[in-house]
Amino acid sequence: MSDHAEPLDKIVVQDLYKIFGSQPKKALALLAKGENKDAIFEKTGMTVGVQGASFSVKEGEIFVVMGLSGSGKSTLVRMLNRLMDPTSGKVLLDGEDVTTMDDEALRRLRRNKMSMVFQSFALMPHLTVVENVALGLEFEGVAKEDRLSRSMEALEQVGLSAWAESFPADLSGGMQQRVGLARSLAVNPDVLLMDEAFSALDPLIRTEMQDELLRLQEEHKRTVVFISHDLDEAMRIGDRIAIMEGGRVIQVGTPEEILQNPENEYVRAFFRGVDPTQILTAGDIVRNTQVTLIRHPGHGPRAAMSRLSNQDRDYGYVLDARKRFVGVVSTDSLKEVIDLPKGERDITDAFLEGAESVNVNESMQEILPMITANPWPVPVTDDEDRYLGVVSRNMFLKSLQRPDISPSDTTDGR
C-alpha cells in the first residue's frame, strides 16, 4: 500500500444494539416504533445500552469513542471483542464477523488479534513485572523462554525493561499502567482496545501516557480504539472521534471536522470551551480568493498591476509554472517598480519583504504571528510548496467567533 493510499477499514460496525434485560426483542420492537430508551425502561424495565451504532475504524488509526457517563461507550467497546454479546448487528474485523464466531475462534481473536487495556491496572502483586507482562502469553501456552523474550521486548517499548524483576508495589501508578500496556503489546495485537485506560492517573502522568501511546503508534501503527470521557484527551490523541449520546453514535469525524460542523447542540456543547486555534490548521480556513500571477517571460510589473486593478485587489501572489509560491506584490510596490528605468523593471523587485508562506498543516496558533504582523493575507502552501490560497485576518477572526464555520463559506476572503 502506498503512502497516499486510503487506509483500509480494519473494523466495521453495522447497526449494533445492546439491550440489557430478559426481553430484548420487545425493546428492539419499541425502538423501531420510535420510543426512546427512557420510555422503554419505564415500560419494560430493560435498559438500552447501545442502539443502531454504525461506523468504521481505519487500519492504523487511533479512533476515540467519547461521551458522558452512561452514553454507552464502554458497552460499545466490549462488544467489539465480545466481552459482551450484542443483541443484534455485526462487528467485522478484517471482513470476518466477530458476532458469529464460536468460542474457540473468539479465544484466538482475543489472544492474537485484539488486546484490551482497562482503567484498572489488574497486576498480580506476587508476580514480577516481566511475569505480569507474560501472563497473557502463559495462558496462551507460549513456551517460557519465548514468552519472557516477548515480554522483555514489550517492556522495552514502554521504557520499563530496567524494572523487569521488580514487583508492582515498587512502581508508581503511571509505571503500573505501562506494565498493563506492555502486557497487551506482548501478544503483538492488530487492534488495541483501551477502555478509559488513563482516567485513573494524575493529569501529568496521564499526559505522559498519552505521549507514550502516540510514540508507540509512530513506531508500530496499530489500530487503536480508545474510550474516553475527556475531550482534551480525545483531541490530543485521536485521528478521529466518535461522539456518543444515549447509546447512539451521534457524529464521527476528525477533531477539526467536528469542531467546524457539530451535528447538533449536544456535540456543540462538548466543544464549546475548545480553543480553535489549537485544533484548526491553516488548511481548515484557507481560501483561494486572491489574484495569482504566474511568473514567466513577458509578465512584468505593468501586467501584474493591470490584473490587480481589474480584480480590485491590493495584493497579488506570484507563483512559478508549477504553482509553487514565489512572493507577494502589492499595488504600491508595483507602482514603484513601474517608475524605474525600463531596463530595471522586474516583478521580483516588487516582492514585499517578509511575505513568507505557511504550511497547510500549521495550526492557527502557529500562524497567528504572521497574521498579525503583515497587512496582506498569509499565503498557504502544501508540502511541495504549491500555493493553495490564503488565510486573511477576517477569516481567522471568524473562525474564532464561529466554531461551526465551514471553509466553503462564500464570504469574501479579503
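Residues numbered from 1 in each chain as written. Predicted model: local features only at pLDDT ≥ 70, side-chain atom pairs only at ≥ 80, totals over all residues. Heavy atoms only, no water.

Participant: What exactly am I supposed to notice about the pattern of salt bridges here?
Facilitator: Any two side chains of opposite charge can pair, on the condition that their charged atoms come close. Inspection of every chain in the model, using the stated rule, returns 19 salt bridges. For arginine 248, the salt bridge is made with glutamate 245, and the minimal N-O distance between the two is 3.9 Å. Look at arginine 248 and you get partly exposed, because its relative accessible area is 38%. You can call glutamate 245 partly exposed: its relative accessible area is 25%. In this structure, arginine 324 and aspartate 320 form a salt bridge, with 2.8 Å as the shortest nitrogen-oxygen distance. Its relative accessible area of 33% is what places arginine 324 among the partly exposed residues. (Salt bridge = Lys/Arg side-chain N within 4 Å of Asp/Glu carboxyl O. Buried < 20%, exposed > 50% of the residue type's maximum accessible area, 1.4 Å probe, protein only.)

Participant: What should I look at first to understand the pairing of strand S4 (residues 88-93) in this one?
Facilitator: Successive side chains on a regular strand alternate, one facing one side of the sheet and the next facing the other. By the bridge criterion, five bridges tie strand S1 (residues 9-20) to S4 in an arrangement that is antiparallel. Counted as the bridge partner of valine 13 is valine 91 from S4. Hairpin remark: S4 followed by strand S5 (residues 96-97), antiparallel, with two residues in the connecting loop; positive phi at aspartate 94, about 50°. (Pairing = 2+ DSSP bridges. Helix = DSSP H or I, 4+ residues; strand = E, 2+ residues; numbered from the N terminus.)

Participant: Would you mind going over helix H2 (residues 37-44) with me for this structure?
Facilitator: Turn by turn, an α-helix covers 3.6 residues, leaving residues three or four places apart pointing in a common direction. Among the residues of H2, Ala39, Ile40 and Thr44 are the ones counted as buried. All buried residues of H2 project into a common sector of 105° when viewed along the axis, lining one side. What points out from H2, more than 90 degrees from its buried face, is the exposed set Asp38 and Glu42. The elements touched by buried residues of H2 are helix H1 (24-32) and strand S2 (47-58). Regarding H2, its N-cap is asparagine 36, as a side-chain oxygen of that residue lies 3.1 Å from the backbone nitrogen of aspartate 38 further along. Looking at the residues trailing H2, positive phi occurs at glycine 45, about 80°. (Arc of directions from axis to C-beta. Contact = heavy atoms within 4.5 Å. Polar contact = N/O pair within 3.5 Å; in protein donor to acceptor, adjacent residues only side chain to side chain.)

Participant: It is not clear to me how the sheet that holds strand S6 (residues 114-117) should be interpreted in this structure. Could you clarify?
Facilitator: As summarised here, the arrangement of the six strands in space is S6-S7-S8-S3-S9-S10, forming an open sheet in which the pairing is mixed. Sheet topology places S6 and strand S10 (248-253) at the edges, where each strand pairs with a single neighbour. The mean inter-strand angle of the sheet, taken between neighbouring strand axes irrespective of direction, is 20°. Against the sheet, helix H4 (residues 103-113) makes contact with S6 and strand S7 (191-195), and its axis sits at roughly 70° relative to S6, the strand it touches most. (Axes fitted to C-alpha atoms, helices over the stretch in contact; angles between N-to-C directions.)

Participant: Please clarify how the sheet that holds strand S11 (residues 291-294) should be interpreted in this entry.
Facilitator: Within a sheet, neighbouring strands are paired by backbone hydrogen bonds and run either parallel or antiparallel to one another. Judged by pairing direction, the sheet is mixed, and its three strands sit side by side in the order S11-S12-S13 without closing on themselves. A single partner strand is all that each edge strand has here, and the edge strands are S11 and strand S13 (325-330). Averaged over all neighbouring strand pairs, the angle between strand axes comes to 30°, with direction disregarded. Two strands pair when backbone bridges link them, and S11 and strand S12 (residues 315-319) are joined in this way by four bridges, in the parallel orientation. Bridged to threonine 292 within S12 is tyrosine 317. Here helix H14 (residues 301-311) sits on the sheet and contacts S11, S12 and S13; the angle it forms with S11, its principal contact strand, is near 160°.

Participant: What is the right way to look at unusual backbone geometry in this model?
Facilitator: The phi dihedral of aspartate 15 is positive, around 50°, even though this residue is not glycine. Residue position: aspartate 15 is located in strand S1. Classification of aspartate 15 as partly exposed rests on a relative accessible area of 43%. Phi is positive for aspartate 385, which is not a glycine, with a value near 65°.

Participant: Any chance you could explain a negative patch on the surface here in plain terms?
Facilitator: A cluster of acidic residues, Asp314, Asp332, Glu336 and Asp339, forms a negative patch on the protein surface. Along the chain, the position of glutamate 336 falls in helix H15 (residues 331-338). (Patch = residues over 30% accessible without salt bridge, like charges linked within 9 Å, V, L, I, M, F, W, Y side chains within 5 Å. Areas by Shrake-Rupley, 256 points an atom, 1.4 Å probe, with all protein chains shown as cover. Lys, Arg positive; Asp, Glu negative; His and termini not counted. Charge placed at Lys NZ, Arg CZ, Asp CG, Glu CD.)

Participant: Help me understand the environment of glutamate 384, please; the structure alone is not making it clear to me.
Facilitator: Looking at where glutamate 384 falls in the secondary structure, it is placed in the loop between strand S15 (378-381) and strand S16 (387-391). By relative accessible area, which is 46% here, glutamate 384 ends up partly exposed. Spatially, the C-alpha atom of glutamate 384 lies 9.8 Å from that of phenylalanine 325, the residues being 59 residues apart in sequence.

Participant: Sorry if this is basic, but what is going on with the packing of aromatic side chains here?
Facilitator: Where two aromatic rings form a pair, the distance of their centres and the angle of their planes describe that pair. This model, assessed by the stated rule, comprises three aromatic pairs. Across from the ring centre of phenylalanine 20, 5.4 Å away, lies the NZ or CZ of lysine 18, which sits over that ring. (Phe/Tyr/Trp six-rings, centres within 6.5 Å; stacked < 30°, edge-to-face > 60°. Lys NZ or Arg CZ within 6 Å of the ring centre and 35° of its normal.)

Participant: Help me understand the nonpolar core in this model?
Facilitator: A general trend in soluble globular proteins is that nonpolar side chains are found buried together. One finds Leu181, Met194, Phe226, Ile243 and Phe271 to be the most contacted residues of the largest nonpolar core, which totals 63 residues. When residues in this core are grouped by element, the largest group, six residues, is from helix H7 (residues 173-186). Residue assignment places this core across two domains, with domain 1 (9-275) and domain 2 (282-409) each supplying three or more. When sequence neighbours within four positions are dropped, the list of residues in contact with isoleucine 243 reads Met66, Arg248, Val249, Ile250, Gln251, Ile258, Tyr266, Val267, Phe270 and Phe271. Of all hydrophobic cores here, the second largest spans 29 residues; its members include Phe55, Phe63, Leu109 and Ile227. (Core = buried A, V, L, I, M, F, W, Y, C linked by side-chain atoms within 4.5 Å. Domains from an automatic or database assignment.)

Participant: What should I look at first to understand the confidence of the model for the protein in this one?
Facilitator: Detailed conclusions should not be drawn from predicted coordinates in areas where pLDDT is low. Model confidence for the protein is summarised by a mean pLDDT of 85, while 92% of its residues fall at 70 or above. Throughout residues 402-414 the model reports pLDDT below 50, and contacts reaching past four residues in sequence, or to other chains, amount to 38 contacts. (pLDDT = per-residue confidence, 0-100.)

Participant: What's the story with the packing of H14 against H15 in this structure? I'm lost.
Facilitator: Helix-helix packing is characterised by the crossing angle of the two axes and by the distance between the axes. Contact geometry of H14 with H15 gives a least axis separation of 9 Å together with a crossing angle of 150°. Compared by their axis directions, H14 and H15 come out roughly antiparallel. Regarding H14 and H15, the two cross each other, and that crossing is left-handed. For the pair H14 and H15, the contacting residues are Pro301, Arg302, Ala304, Met305 and Leu308 in the first and Thr331, Leu334, Lys335, Val337 and Ile338 in the second. Considering only residue class, the contact of H14 with H15 consists of seven nonpolar, one polar and two charged. (Parallel < 35°, antiparallel > 145°, perpendicular 65-115°, else oblique. Left-handed = near helix turned anticlockwise from the far one by under 90°. Nonpolar A, V, L, I, M, F, W, Y, C, P; charged D, E, K, R; others polar.)

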